[in-house]
Amino acid sequence: MPQSPVERRYTPLVILLLLAALVTVTAFWAMDRAGSAAARAAGASVAVEGGTEQHFHWKLVTTWPKNLPGLGTAPENFARRVTEMSGGRMTVHVYGAGEMVPPFEVFDAVRQGVADAGHGAAYYWKGKIPSAVYFTAVPFGMTAQEMNGWLHYGGGLELWREAYAPSNIIPFAGGSTGVQMAGWFRTEINSLEDLQGVKMRIPGLAGDVFAAAGGTPVRIPGGEIYTSLQTGVIDAAEWVGPYNDLALGLHEVAKYYYYPGWHEPGAMLEFIVNRDSYEALPADLRAIVAEATRAVNQDMLDEFTARNNQALKQLVEEHGVALRRFPDDVLKALYAGTRQAIAELTASDPMARKVEASYQRFFEAVRDYHHISEQAYINARDVVLEPDSP
Ligand code: CA
């Protein structure tokens, strides 16, 4: 069909406009590809435009083997809650120990933004931040319930954030195991003499206490305890408690299982978040991250409370584990070592001094009340329900 004069005049213009549009679209596509690649290369969170909604994807590294019951399932639990609460606008991929970085490099990975978040325990970082030990456990210190009170209503979390602020990291309470077990020993411990020269996997302030009592503390991540005990690199190891220790199979490499967990009366774990990754989130997703950590924090304690007793029964009845209590003179020596370790820590580190003051103030106050509440009730319960127990 012949073209009209108007069509003849405008056809080149239309072709030109179409070409310009094609060039623009191609340029934007290339820029988008380059941007995503750069974000992936940097290892930081990736925000993807999906229609009008922005999606966020985080990488979370842990110090635990992937899906280890209790500890390793907590970050998976966090990831699931974040996805559900955000309606899929935010997802979190969990990397177990060694999958992206070695277990003891979790803190640096989050500090550098290689990962957006991490799950582990603050006392692993005591070489960098001495005051960090307070945010996991103090020997003969607060229980899980008391730690939660101090952190969330007693100023503890603010101090924790102050301690981590120079590392560009925001910490959140990340679950508690409750009172742990004193650990696995290949030989019986009947007196302080028996602890002399014992090489034990025991981190944090308790490691310094163990050294003061004559032992040799060794720093080993959870996933390597079994082999270290088996090959004789160490003579003893504390890990968590029956539920978690059974999962690692520690009863296969040491016979004596000691209590009580004098060294970790309420071991608090941590979620750590890179500040830039956190601040890049819109306000509702920041709230979701915070609330998911809070939910997982309580959930872990609930799970250990439900599972520890079953696991202990299994260890003793099915695997023939010898359950032993630390003698009083050993506990007293360890307490003396605790006072010494705290004195040395606070003398050398101003932040530890500040945290110690807050911790002790709260501990004394809560102990006064728990003496006539939690403790008095458990004692009273024993009087009527277990009158024959020692
Ligand atoms: Ca432990």
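Refer to the structure above for everything that follows.
Residues numbered from 1 in each chain as written. Predicted model: local features only at pLDDT ≥ 70, side-chain atom pairs only at ≥ 80, totals over all residues. Heavy atoms only, no water.

Participant: Kindly report on the pairing of strand E11 (residues 268–274), identifying the contributing residues and their values.
Facilitator: Buried residues dominate E11, accounting for seven of its seven residues. A two-sided burial pattern is seen for E11, the buried positions comprising Met268, Glu270, Ile272 and Asn274 on one face and Leu269, Phe271 and Val273 on the other. Pairing of strand E4 (residues 117–120) with E11, which is carried by four bridges, proceeds in the antiparallel orientation. Looking across to E11, one finds that His119 is bridged to Phe271. Across six bridges, the pairing between strand E5 (residues 169–176) and E11 is antiparallel. Its bridge partner being in E11, Phe172 is matched across the sheet by Phe271. (Buried < 20%, exposed > 50% of the residue type's maximum accessible area, 1.4 Å probe, protein only. Helix = DSSP H or I, 4+ residues; strand = E, 2+ residues; numbered from the N terminus. Pairing = 2+ DSSP bridges.)

Participant: Just give me the short version of the coordination of the calcium ion, but keep the residues and values in it.
Facilitator: Within the first shell, the calcium ion binds the protein through Gln180 (OE1), Glu238 (OE), Glu238 (OE), Trp239 (O), Glu264 (OE) and Glu264 (OE), at distances of 2.2 to 2.9 Å. Here the calcium ion binds six donor atoms, and the angle range of 46 to 167 degrees at the metal identifies the geometry as irregular. (Donors = N, O, S within 2.8 Å, 3.2 Å for Na, K, Ca; no water. Tetrahedral: all angles 85-135°; square planar, octahedral: opposite > 155°, others 65-115°.)

Participant: Before we move on, can you summarise the sheet that holds strand E7 (residues 199–201) with the specific residues and values?
Facilitator: Note on sheets: strands pair through backbone hydrogen bonds, and any given pair is parallel or antiparallel. If you walk across this open sheet you meet the six strands as E8-E7-E9-E6-E10-E12, and the pairing is mixed. Looking at the sheet topology across the chains shown, the edges are occupied by strand E8 (216–218) and strand E12 (322–325). The pairing of E7 with E8 spans three bridges and is classified as parallel. Pairing of Arg201 across the sheet is with Val218, part of E8.

Participant: Any details on the nonpolar core? Residues and values, ideally.
Facilitator: Ranked by size, the top nonpolar core spans 109 residues in total, and within it Tyr134, Trp150, Tyr164, Trp239 and Phe326 carry the most contacts. Examining the composition of this core, we find that nine residues originate from one element, helix H10 (residues 283–317), more than from any other. Not counting residues up to four positions away in its chain, the partners in contact with Trp150 are Tyr134, Phe135, Met142, Gly155, Gly156, Leu157, Leu159, Val355, Ser358, Tyr359 and Phe362. (Core = buried A, V, L, I, M, F, W, Y, C linked by side-chain atoms within 4.5 Å. Contact = heavy atoms within 4.5 Å.)

Participant: Please give an account of helix H4 (residues 144–153) that cites residues and values.
Facilitator: At 3.6 residues per turn, the α-helix brings residues three or four places apart onto the same side. For H4, every residue scored as buried is listed here: Ala144, Glu146, Met147, Asn148, Trp150 and Leu151. Of the surrounding secondary structure, the elements contacted by the buried residues of H4 are helix H5 (156–164), E5, E11, H10 and helix H12 (350–372). The positive-phi residue at the C-terminal boundary of H4 is Gly155, with phi of around 90 degrees.

Participant: So, the pattern of salt bridges: which residues are in play, and what are the values?
Facilitator: Evaluated as defined, the whole model comprises 15 salt bridges. For Glu303, the salt bridge goes to Arg307, with nearest N and O atoms at 3.7 Å. You can see Glu303 and its partner Arg307 sitting in helix H10, four residues apart, about one turn around the helix. Here Glu303 falls in the partly exposed class, since its relative accessible area comes to 21%. Three or more residues joined by partner-sharing salt bridges are found here, namely Asp108, Arg111 and Lys128. (Salt bridge = Lys/Arg side-chain N within 4 Å of Asp/Glu carboxyl O.)

Participant: I'd like a description of H12, backed by residues and values.
Facilitator: Compared with the 33 Å implied by 1.5 Å per residue over 23 residues, the 34 Å span of H12 between its first and last C-alpha is a close match. Within H12, burial applies to Met351, Ala352, Val355, Glu356, Ser358, Tyr359, Gln360, Phe363, Val366 and His370. Looking at the buried positions of H12, the neighbouring elements they touch are H4, H5, helix H11 (328–348) and helix H13 (374–385). (Expected span 1.5 Å × (residues − 1).)

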